[in-house]
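Summary of structural features
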Amino acid sequence: AQSVSQHNHHVILSEAASLELGCNYSYGGTVNLFWYVQYPGQHLQLLLKYFSGDPLVKGIKGFEAEFIKSKFSFNLRKPSVQWSDTAEYFCAVRTGGGNKLTFGTGTQLKVEL
Amino acid sequence: DGGITQSPKYLFRKEGQNVTLSCEQNLNHDAMYWYRQDPGQGLRLIYYSQIVNDFQKGDIAEGYSVSREKKESFPLTVTSAQKNPTAFYLCASSMQESSYNEQFFGPGTRLTVL
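Basis of the calculations
Residues numbered from 1 in each chain as written. Chains lettered and ligands numbered in written order. Predicted model: local features only at pLDDT ≥ 70, side-chain atom pairs only at ≥ 80, totals over all residues. Heavy atoms only, no water. Salt bridge = Lys/Arg side-chain N within 4 Å of Asp/Glu carboxyl O. Helix = DSSP H or I, 4+ residues; strand = E, 2+ residues; numbered from the N terminus. Buried < 20%, exposed > 50% of the residue type's maximum accessible area, 1.4 Å probe, protein only. Phe/Tyr/Trp six-rings, centres within 6.5 Å; stacked < 30°, edge-to-face > 60°. Contact = heavy atoms within 4.5 Å.

With that settled, the discussion passes to the pattern of salt bridges. All names here are of chain A. Considering all chains together, one arrives at eight salt bridges over all chains under this definition. Between Glu64 and Arg77 there is a salt bridge; the shortest N-O distance is 3.4 Å. Here Glu64 is found in strand 8 (residues 64–68), whereas its partner Arg77 is found in strand 9 (residues 73–78), with 13 residues between them in sequence. Across the pair Asp85 and Lys78 runs a salt bridge, and its minimum N-O distance is 2.8 Å. Judged by relative accessible area, Asp85 falls into the buried class, the value being 2%. You can call Lys78 buried: its relative accessible area is 7%. Connected via shared salt-bridge partners are Lys58, Glu64, Glu66 and Arg77.

So this is what it looks like as structure tokens:
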């Protein structure tokens, strides 16, 4: 069965710092990759997704992620974080053409002023 | 205003009681899902349904049951057999026809069993 690893469980950054959150998955076939974000008190919402093509995908609010197939990774990046980026971030993988998603354990990001 | 509705937001039950969580969507999505979110464990799939009157077990289905009698509704029952039911429950839905779909999530129901 596939699994998704998010190694950073809690990250604390100052405003304007750069962000990179790690995501690794274990599946050798075709994958679709997602990053979701859960702001305090809000719905889980999609930040960005990768299906095929350019491995560097851009999402909402200045976030981007790079799919590196050889490393089974899909790390999330943002050049300069804001206080409003404080949230929990989840990486998810879909495999085999089905609809099921496997989620990572999440990374709690706190951005300090 | 399209979206996914989960009610109630907070639910309290006594140990040994069954409880049903509501999930309704007006997005005309074919597929619906139930996840459980626990701190440090991410989201884990309980059940999913790709079409009316059909559903499949996810990774942690024991102690839960579902029904899918209508396209827009996918209620989840947490039975007394679920050993640790206190958690945050999230419902999601997605289109079925296209491979390029994403799951949309509801606001969640926080269940506390006393």
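Scanning the model with the defined rule gives 15 aromatic pairs over all chains in all. Both rings, one in Phe103 of chain A and one in Phe105 of chain B, keep their centres 6.1 Å apart while their planes meet at 80 degrees; by these two values the pair is edge-to-face. With Phe103 of chain A in strand 11 (residues 102–103) and Phe105 of chain B in strand 10 (residues 104–105), this residue pair bridges two chains. Accessibility expressed as a relative area gives 7% for Phe103 of chain A, which makes it buried. For Phe105 of chain B, a relative accessible area of 5% translates into the label buried. Ring centres of Tyr33 of chain B and Tyr48 of chain B lie 6.4 Å apart, and the angle between their planes is 15 degrees; on these two criteria the pair is classed as stacked. With a gap of 15 residues between them, Tyr33 of chain B in strand 4 (residues 31–38) and Tyr48 of chain B in strand 5 (residues 42–51) connect regions that are remote in the sequence. For the residue pair Tyr33 of chain B and Tyr48 of chain B, the accessibility class agrees, reading buried in each case.

Let us look at the environment of Glu69 of chain B. Residue and element names in this part refer to chain B. Secondary-structure assignment places Glu69 in the loop between strand 7 (64–66) and strand 8 (76–78). The class of Glu69 is exposed, set by a relative accessible area of 65%. For the pair Glu69 and Asp54, spaced 15 residues apart in the sequence, the C-alpha separation amounts to 8.7 Å. Setting aside anything within four residues of it in sequence, one finds Glu69 in contact with Val52 and Asn53.

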